[in-house]
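# Close look at the chain arrangement
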Amino acid sequence: MDSLVSKLEREVGLTSEQARKTVDCVKNYLSENDLTPDWEEFFERKFEKIADKTKNTYNQVVDKTQTLGGKIHDLADKAGDVFEDLSDKTAKKVKDLRNKAADFISDKD
């Protein structure tokens, strides 16, 4: 309540006494007219909203991670294919070179 009184003093220009009487007047009016907020329900809704936002954020992170993981997997597969192809070509070149060297040595004899 003190922070509200201070706010009324600063922003509205009321004296401390005027601000306190204003807060008391509003508080009494709400109480007399059964307009007091159900704080338990208010905070429960707030917590539900926070929980929903947290869950949505978590789901977005999971989705992005899965998407990124899929892309990394695809890139790893492509890299594996490239290295396998390179390995096959290198093995063929080495075999060809070995055969040419053997032929060259045979021709010298």
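Here the structure is a predicted model, which means the values were calculated and not measured.

## Focus on the overall build of the chain
Counting its secondary structure elements, the chain contains three helices and zero strands. Listed by position from the N terminus, the elements making up the chain come as α-α-α. Computed over C-alpha atoms, the radius of gyration of the chain comes to 39 Å, more than 25% over the 13 Å expected from 2.2 N^0.38 for 109 residues, which places it beyond the range of a compact globule. Counting over 109 residues, the chain shows a buried share of 4%. Total accessible area on the chain is roughly 10000 Å²; 57% of this is exposed by carbon and sulfur atoms. If you average the places of the 20 positive and of the 24 negative side-chain charges in the chain, the two averages end up 7 Å apart.

## Regarding the packing of aromatic side chains
Tallied over the entire structure, the rule returns one aromatic pair. Seen in terms of ring centroids, F42 and F43 are 5.1 Å apart; in terms of plane orientation they differ by 80 degrees. Their pairing is edge-to-face.

## Structural notes on a nonpolar patch on the surface
On the surface, W39, F42, F43, F47 and I50 cluster together into a nonpolar patch covering about 560 Å² of accessible area. Position of W39 among the secondary structure elements: in helix α3 (residues 39–108).

## Thoughts on the pattern of salt bridges
For the coordinates displayed, the defined rule picks out six salt bridges. Residues E11 and K7 are paired through a salt bridge, measuring 2.9 Å at the closest nitrogen-oxygen approach. Remark: K7 and E11 occur in helix α1 (residues 2–12); sequence separation between them is four residues, near one turn of the helix. For K7, a relative accessible area of 39% puts it in the partly exposed group. With its nearest N and O atoms 3.3 Å apart, the salt bridge here joins K89 to D85. With a gap of four residues between them, K89 and D85 both fall in helix α3, about one helical turn apart.

## A closer look at the packing of α1 against helix α2 (residues 16–32)
Where α1 meets α2, the closest approach of the two axes is 9 Å, and the angle between their N-to-C directions is 125 degrees. One element, α1, and the other, α2, form an angle in the oblique class. You can see that α1 and α2 cross each other, and the crossing is right-handed. Contact residues: D2, L4, V5, L8 and E9 in α1; S16, A19, R20, T22 and V23 in α2. Counted by class, the contact of α1 with α2 contains five nonpolar, two polar and three charged residues.

So, how was this worked out
Residues numbered from 1 in each chain as written. Predicted model: local features only at pLDDT ≥ 70, side-chain atom pairs only at ≥ 80, totals over all residues. Heavy atoms only, no water. Helix = DSSP H or I, 4+ residues; strand = E, 2+ residues; numbered from the N terminus. Rg over C-alpha atoms; globule rule 2.2 N^0.38 Å. Buried < 20%, exposed > 50% of the residue type's maximum accessible area, 1.4 Å probe, protein only. Areas by Shrake-Rupley, 256 points an atom, 1.4 Å probe, with all protein chains shown as cover. Lys, Arg positive; Asp, Glu negative; His and termini not counted. Charge placed at Lys NZ, Arg CZ, Asp CG, Glu CD. Phe/Tyr/Trp six-rings, centres within 6.5 Å; stacked < 30°, edge-to-face > 60°. Patch = residues over 30% accessible without salt bridge, like charges linked within 9 Å, V, L, I, M, F, W, Y side chains within 5 Å. Salt bridge = Lys/Arg side-chain N within 4 Å of Asp/Glu carboxyl O. Axes fitted to C-alpha atoms, helices over the stretch in contact; angles between N-to-C directions. Parallel < 35°, antiparallel > 145°, perpendicular 65-115°, else oblique. Left-handed = near helix turned anticlockwise from the far one by under 90°. Contact = heavy atoms within 4.5 Å. Nonpolar A, V, L, I, M, F, W, Y, C, P; charged D, E, K, R; others polar.

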